[in-house]
Amino acid sequence: MSAVSRANWQIHFCVILWGFTAILGKLISLGTLALVWWRMLLVTGALVLVPRFWRGLSTLPPRMIAIYAGIGMVVALHWLAFYGSIRLANASVAATCLAMSPVFLAFIEPFLVGRRFDMRELLFGLACIPGVALVVGGTPTEMRLGIVVGVFGALLVSIFASLNKRFIGNSDALAVTGLEIGAGLLLMTVISAVLSPDTVFILPPVRDAWLLAVLAMGCTLLPFALSLAALRHVSAFSTAIALNMEPVYAIVMAIVLLGEQRELSPSFYLGVAIVVSAVFLHPWLVRPANDAAAADLPDPDKNG
């Protein structure tokens, strides 16, 4: 197998692992605050044991440390909204809402990054509206709040992804990831101490502890490490296509493992098909002429 083919398989494997985050979020019995706090604690604890993290952190000026810490707090709020959406609706709804992040990105990135607005991206965003309407119409009334929270989470994805793109520069990706997740952990600690100290700062049940370990190591650190290795050989275009499969994988796994198709109507899945189709068309609509030769690094924090 060539290096490029192996890298493409690695990227798709990473996306499958990221797709499991929604399933694990449904299976873990902890409250949303506790789930996010423990996930961030485990990931941060693992990263601080890696010498490369400290070497990269030592090269960052104080201004950039403050910026990355601020971005990390947005990441934490996104995870809170993502898992909150799962609790208020289900994994399929949360994954569908996550698929809306490229739509928000099309509008937000030009302002935060400073590039010109692309009219093709406006059309791409408008094309998702019928799908969103079908998703809402095909969801039980009691799940509608989960949609609102999930869409807010997708908005947060577009914000921190744009900010990371603007400020990442030559900073070490592992150091930035550890700094952002560590700052998010600090924010979650403060919020938890105020809102729910009796339920967050206690050891989880054994089953939840194992699932949290899988979520933190298997669905966060492992795909991040694999994606770093693969991205030496994969173009930005191929990466974008692979990342757009994440909500598809999550919804399929939710149907197979959780039987969520019984909770949702056919119009929901028709709406999902429209949204996902628009998301898949987006890379072709805005693909730069020289992208086939370009390699780019996806933001590991973008994924639920």
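Caption draft 1: The packing of aromatic side chains, seen in detail. For the structure on display, the rule yields five aromatic pairs. Judged by centre distance (5.0 Å) and plane angle (75 degrees), the rings of Trp-37 and Phe-201 are edge-to-face. Of this pair, Trp-37 sits in helix α2 (residues 32-47) while Phe-201 sits in the loop between α11 (197-200) and α12 (206-230), and the two are 164 residues apart along the sequence. Ring geometry for Phe-268 versus Tyr-269: centroids 5.0 Å apart, planes at 90 degrees, classification edge-to-face. Of the residues examined, Tyr-269 reaches a relative accessible area of 22% and is grouped as partly exposed. By way of ring pairs, the aromatic residues Trp-37, Trp-38 and Phe-201 are connected into one cluster.

Caption draft 2: Spotlight on α2. Here α2 is 16 residues long and its end C-alpha atoms lie 23 Å apart, about the 22 Å a rise of 1.5 Å per residue gives. Taken across its 16 residues, α2 has 13 buried, putting it largely inside the fold.

Caption draft 3: Here's a closer look at a nonpolar patch on the surface. A cluster of nonpolar side chains, Phe-117, Met-119, Leu-123, Leu-126 and Ile-129, forms an exposed patch at the surface whose accessible area comes to about 500 Å². The biggest single contributor to the nonpolar patch is helix α7 (residues 119-127), with three residues. Considering the arrangement of structural elements, one finds Leu-126 in helix α7.

Caption draft 4: Here's a closer look at the side chain of Thr-32. In this fold, Thr-32 is placed in helix α2. The contacts of Thr-32, once residues within four sequence positions are left out, are Leu-80, Tyr-83, Gly-84 and Arg-87.

Caption draft 5: Expanded view of the packing of helix α4 (residues 62-88) against helix α9 (residues 144-167). Two elements in contact, α4 and α9, have axes whose closest approach is 8 Å; the angle formed by their N-to-C orientations is 160 degrees. Looking at the two axes, α4 sits roughly antiparallel to α9. The handedness of the crossing between α4 and α9 comes out as left-handed. Its residues assigned to classes, the contact of α4 with α9 shows 18 nonpolar, seven polar and one charged.

Caption draft 6: Structural detail: the pattern of salt bridges. Within this structure, the stated rule accounts for two salt bridges. In this structure, Arg-207 and Asp-208 form a salt bridge, with 3.9 Å as the shortest nitrogen-oxygen distance.

Caption draft 7: Looking closely at the packing of helix α1 (residues 3-27) against α4. Contact geometry of α1 with α4 gives a least axis separation of 9 Å together with a crossing angle of 55 degrees. In this view, α1 runs oblique relative to α4, as classed from their interaxial angle. Judged by the sense of rotation from one axis to the other, the crossing of α1 with α4 is right-handed. Contacts between α1 and α4 pair Thr-21, Ala-22, Gly-25 and Lys-26 from the former with Phe-82, Tyr-83, Ile-86 and Arg-87 from the latter.

Caption draft 8: Structural view of the environment of Ala-106. By secondary structure assignment, the location of Ala-106 is in helix α6 (residues 101-113). Between the C-alpha atoms of Ala-106 and Phe-117, which are 11 residues apart in sequence, the distance is 8.2 Å.

Caption draft 9: Looking closely at the side chain of Asn-90. Here Asn-90 is to be found in the loop between α4 and α5 (91-98). A polar contact is formed between the side chain of Asn-90 and the backbone nitrogen of Val-93, at a distance of 2.9 Å. What Asn-90 contacts, discounting residues up to four positions off in sequence, is Lys-26, Ser-85, Met-143, Glu-260, Glu-263 and Leu-264.

Caption draft 10: Broad picture of the nonpolar core. In this structure, Met-40, Tyr-68, Tyr-83, Val-93 and Met-188 are the most contacted members of the largest nonpolar core, which totals 79 residues. Excluding its chain neighbours within four sequence positions, the residues that come into contact with Tyr-68 are Leu-60, Asn-164, Phe-167, Ile-168, Ser-171, Val-176, Leu-179 and Glu-180. Counting 10 residues, the second largest nonpolar core, distinct from the first, contains Ala-99, Val-103, Ala-106 and Ala-154.

Parameters and conventions
- Residues numbered from 1 in each chain as written.
- Predicted model: local features only at pLDDT ≥ 70, side-chain atom pairs only at ≥ 80, totals over all residues.
- Heavy atoms only, no water.
- Phe/Tyr/Trp six-rings, centres within 6.5 Å; stacked < 30°, edge-to-face > 60°.
- Helix = DSSP H or I, 4+ residues; strand = E, 2+ residues; numbered from the N terminus.
- Buried < 20%, exposed > 50% of the residue type's maximum accessible area, 1.4 Å probe, protein only.
- Expected span 1.5 Å × (residues − 1).
- Patch = residues over 30% accessible without salt bridge, like charges linked within 9 Å, V, L, I, M, F, W, Y side chains within 5 Å.
- Areas by Shrake-Rupley, 256 points an atom, 1.4 Å probe, with all protein chains shown as cover.
- Salt bridge = Lys/Arg side-chain N within 4 Å of Asp/Glu carboxyl O.
- Contact = heavy atoms within 4.5 Å.
- Axes fitted to C-alpha atoms, helices over the stretch in contact; angles between N-to-C directions.
- Parallel < 35°, antiparallel > 145°, perpendicular 65-115°, else oblique.
- Left-handed = near helix turned anticlockwise from the far one by under 90°.
- Nonpolar A, V, L, I, M, F, W, Y, C, P; charged D, E, K, R; others polar.
- Polar contact = N/O pair within 3.5 Å; in protein donor to acceptor, adjacent residues only side chain to side chain.
- Core = buried A, V, L, I, M, F, W, Y, C linked by side-chain atoms within 4.5 Å.

None of the figures reported here should be taken as evidence of function without further support.
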